[in-house]
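# A look at the structure
As a plain string of letters, each chain reads:
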Amino acid sequence: MRLTIPEQEIMKPGHLACQGCGATMAMRYGLKVFGRNTVLTIPACCWAVIDGPFPYTAVNVPLFHTAFETAAIMASGIKAGFDALGKTSTNVVAWAGDGGTFDIGMAAISGAAERNDDITYIVYDNEAYMNTGIQRSSATPHGAWTTTTPVKHYKRGPKKNMVEIIAAHRVPYTTTASIGYPEDFIKKLTKAKETRGFKLIHVLAPCPTGWKAEPKYTVKLAKLAVQTNIFPIYEVEDGIKYTQNIKVKQRKPITEYFKYQGRFKHLKDDEIAFIQKKIDEDYEILLKKLS
Amino acid sequence: MKMTMMGNYAASWGAQLSRVQVIAAYPITPQTLIVEKLSEIVADGELDAEFIKVESEHSAMSGCIGASAAGARAYTATSAQGLALMHEMLHWAALARLPIVLTNVNRAMAPGWSIWADQNDSLSQRDTGLMHIFASSSQDILDSTVLAYKIGEQVLLPTLISFDAFFLSHTMEVVDMPPIEDVDKFLPPYNPEYKLDVNDPRSFGALTSEEHYYEFRYKMQEAMDQAINIIKKEGKEFEKLTGRYYDLIHPYRCEDADLILVTSGTIAETTNVAVDELREEGKKVGNLKIRIIRPYPKQDILNVIKNCKKIAVIDRNISCGYHGIFAQELKSALYNETNIPVWGYLAGIGGRDVKIENIKEIADDTLKSDKPEDLIWKGVKL
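These numbers were taken from a predicted model, which means no experiment stands behind them.

## A few points about the overall build of chain B
If you tally the helices and strands in chain B, you get 12 helices and 16 strands. Principal-axis analysis of the C-alpha atoms places the extent of chain B at approximately 70 × 50 × 45 Å. Buried positions account for 60% of the 382 residues belonging to chain B. Partitioning the contacts of chain B with sequence separation of at least 6, the portion at a separation of at least 24 is 82%.

## Here's the deal with the domain arrangement of chain B
Size of an interface, as often reported, equals the accessible area lost when the parts are brought together. All names here are of chain B. As assigned here, chain B comprises domain 1 (2-242) and domain 2 (249-377). In this structure, domain 1 and domain 2 have C-alpha centres spaced 27 Å apart. Listed by partner, the interface residues are 28 residues for domain 1 and 26 residues for domain 2. Around 2200 Å² of area is buried between domain 1 and domain 2 when both sides are counted, 55% of it from carbon and sulfur atoms. Inspection of the domain 1/domain 2 interface yields four salt bridges.

## Some thoughts on the sheet that holds strand 10 (residues 249-252) of chain B
Residues and elements named next belong to chain B. The sheet built from six strands is open, its strands ordered 10-12-11-14-15-16 with mixed pairing. The open sheet has two edge strands with one neighbour each: strand 10 and strand 16 (376-377). Here strand 11 (residues 259-263) runs beside strand 14 (residues 310-315); their pairing, made up of four bridges, is parallel. In the strand pairing of strand 14, Leu-261 is matched with Ala-312. Along the sheet, helix 9 (residues 265-280) makes contact with strand 10, strand 11, strand 12 (285-290) and strand 14, crossing strand 12 at roughly 170 degrees.

## Digging into the environment of Glu-361 of chain B
Residues and elements named next belong to chain B. Within the secondary structure layout, Glu-361 lies in helix 12 (residues 356-368). Separated by 58 residues in the primary sequence, Glu-361 and Asn-303 have C-alpha atoms spaced 26 Å apart. Of note is the side chain of Glu-361, whose polar atom sits 2.9 Å from the side chain of Lys-378.

## Details of the pattern of salt bridges
Residue and element names in this part refer to chain B. If you walk through the whole model with that rule in mind, you get 51 salt bridges over all chains. Residues Arg-19 and Asp-184 are paired through a salt bridge, measuring 2.8 Å at the closest nitrogen-oxygen approach. Of this pair, Arg-19 sits in the loop between helix 1 (7-17) and strand 2 (22-25) while Asp-184 sits in helix 7 (residues 180-186), and the two are 165 residues apart along the sequence. According to the relative accessible area criterion, Arg-19 is partly exposed, its value standing at 42%. For Asp-184, a relative accessible area of 30% puts it in the partly exposed group.

## What about the packing of helix 10 (residues 298-305) of chain B against helix 11 (residues 325-334) of chain B?
All names here are of chain B. Taken N-terminus to C-terminus, the directions of helix 10 and helix 11 make an angle of 80 degrees; their axes are 10 Å apart at the nearest point. Here helix 10 lies roughly perpendicular to helix 11, going by the angle between them. In this structure, helix 10 uses Lys-298, Ile-301, Leu-302 and Ile-305 to contact helix 11, whose residues at the interface are Leu-330, Ala-333 and Leu-334. Looking at the contact of helix 10 with helix 11 residue by residue, the class counts come to six nonpolar, no polar and one charged.

The rules behind each value
- Within each chain, residues carry numbers counting from 1 in the order of the written sequence.
- Starting at A for chains and at 1 for ligands, labels are handed out in the order in which the entities are written.
- pLDDT decides what is reported in this predicted model: residues at 70 or higher carry local features, side-chain atom pairs at 80 or more are listed and counted, and totals for whole chains, interfaces and linings draw on all residues regardless.
- Side-chain numbers come from the whole structure's heavy atoms, not from hydrogens or water.
- Helix numbers and strand numbers start at the N terminus; a helix is a DSSP run of H or I with at least 4 residues, a strand a run of E with at least 2.
- Only protein chains enter the accessibility calculation, which uses a 1.4 Å probe; a residue whose area is less than 20% of its type maximum is buried, one above 50% is exposed, and one in between is partly exposed.
- Note on contacts: a residue pair qualifies if any of its non-hydrogen atoms lie within 4.5 Å across the two residues.
- Where each domain starts and ends follows an automatic or database-derived domain assignment.
- Accessible area, probed at 1.4 Å, shrinks when two parts are joined; the buried area is that loss added up over both.
- Whenever Lys or Arg places a side-chain nitrogen within 4 Å of a carboxyl oxygen from Asp or Glu, that contact is recorded as a salt bridge.
- Any two strands are treated as partners once DSSP identifies two or more bridges connecting them.
- All axes are obtained by fitting lines to C-alpha atoms, using only the stretch in contact for helices, and the reported angles, taken between N-to-C directions, cover 0 to 180 degrees.
- Polar contact is defined as a pair of N or O atoms within 3.5 Å, subject to the rule that within protein one atom must be able to donate a hydrogen and the other to accept it, and that residues adjacent in sequence are counted only when both atoms are side-chain atoms.
- Angle categories are assigned with fixed cut-offs, so that under 35 degrees is roughly parallel, over 145 is roughly antiparallel, 65 to 115 is roughly perpendicular, and the rest are oblique.
- Here the nonpolar group is Ala, Val, Leu, Ile, Met, Phe, Trp, Tyr, Cys and Pro; Asp, Glu, Lys and Arg are the charged ones; every other residue, Gly included, is treated as polar.

Put into structure tokens, the structure is as follows:
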């Protein structure tokens, strides 16, 4: 039998994640590909807690916890240290949430991308500051409720487009992914591992707690985000070569995605129609960029 | 080999002689020359190091932390605003127990924009857990860099080496460059017991409950206490190698002094000259240079000042709402131990020049006064 998901399990059980945590699934896949010759650095985010309290750890590879805004440079520093010591084959992976990436970590990410440091940056995107209790980030989509965007004043404005920002640095590889499509995610992790220079993988990782969804819907939501085109799956090589990795023949209406989540339930028909229009427009823009 | 060089270049060569393996740095006046020179040294192949040209000082310190955690010897340099931006990561470096060396050219904090000498930048980092040296000559800068790695790598604490903007950073002085072979004998390669190692996977800095955190701080304090003896031991080893001895404090003509001036940085060097002149005038004045403020050399200070009648501290810094920081530190060391009165003077803040005659005036004022004061604004124009 041909296996599309590596059999090896690096991550150990006993972590502290919530039921149905998408970020934990993302890590499991990530470590399957990156393997034991890998060092992780994790800033403040859910995974800073999920890994477990001192002196325990769940990831089973060396892990350096770091400050919120520093995942990218911490990975660059670790990589430089290993290079200086001749340990050039070790993979150095920054593993951060959307707040630590889209907001507070932007300067360091841009710096590492511009220098083309040989690191892989993986942002598991649960679309808000979930570890501090569901506050909006610049990855929170238009229309969503969070504790700092209450229903009366829900998040307005588009989600920041991280892949486009990173692609504009002309880095070798940047891509979206979804834990609902593990084979695609595995391919991308493999490509990142095998590519030298700066790589960023933006993986959608639903959060049942913050999205007000049942834990059993994590994978379903990760698929529906792709099937409704609100989170298209594509990659950009060298900042110019766009490839759509998962083609959606007939996109589903956004209500299919929203109906499993409490964070959008306040939206009225006209607001949903507006969001649908924006999704379709953004998708058309993306199609024009495909190589 | 004797060479003439600016204080900044003494820092660069100190890093080169220490064979630093990773440099992460960002430009800021008046520090920039340090990392410019290091860029050349690395580009010319005179130092085998990775150089990360980071996008901020926050990242400069973070990059050093990553490199040091990986097991490499790491170095950076900054000034004022840059040091303030690093603040979060100074705590990180110290609590992660990584023996990084950071050079800071003491420069006044903005606003108003100033590039001139002032110690408020580095003294604002006093409680981050770094050992903190105030160098007072170019030779001191170079030698302190080598010593800081030797000491820091034993006690697992980072070190901040500060020195005055322009008065030292851009002033040419003669520096004796020890041969690198001698430095190699003194400073072996960095090989920490705990580091990021794929064959021994560990988590560093994980979620820590109240069951453990308190003890982490205890261990840091223990390391600071141990550092006092190690600084002295390595100072003596270094003296065997170079003939130059470095201690936590450097008293000058204090043995029989009625008045001891307490100083740091370049003001300390000027004060030595002032003391000679005062002595010629028949005044029994000494100068106690504080070279290292963390760990604080309380016992050494008490031993030096025990027989004097008065102490005057000169601070090129202020903790607004209280007074000069060296004066605060000294008074806290004296409390419960002695009743010698202390006068606290401010001078040189924002780079205003402190001349020999200013120091002599401080000495004369103190000798004449019979009422100690916490805060005397020398030369303030109102």
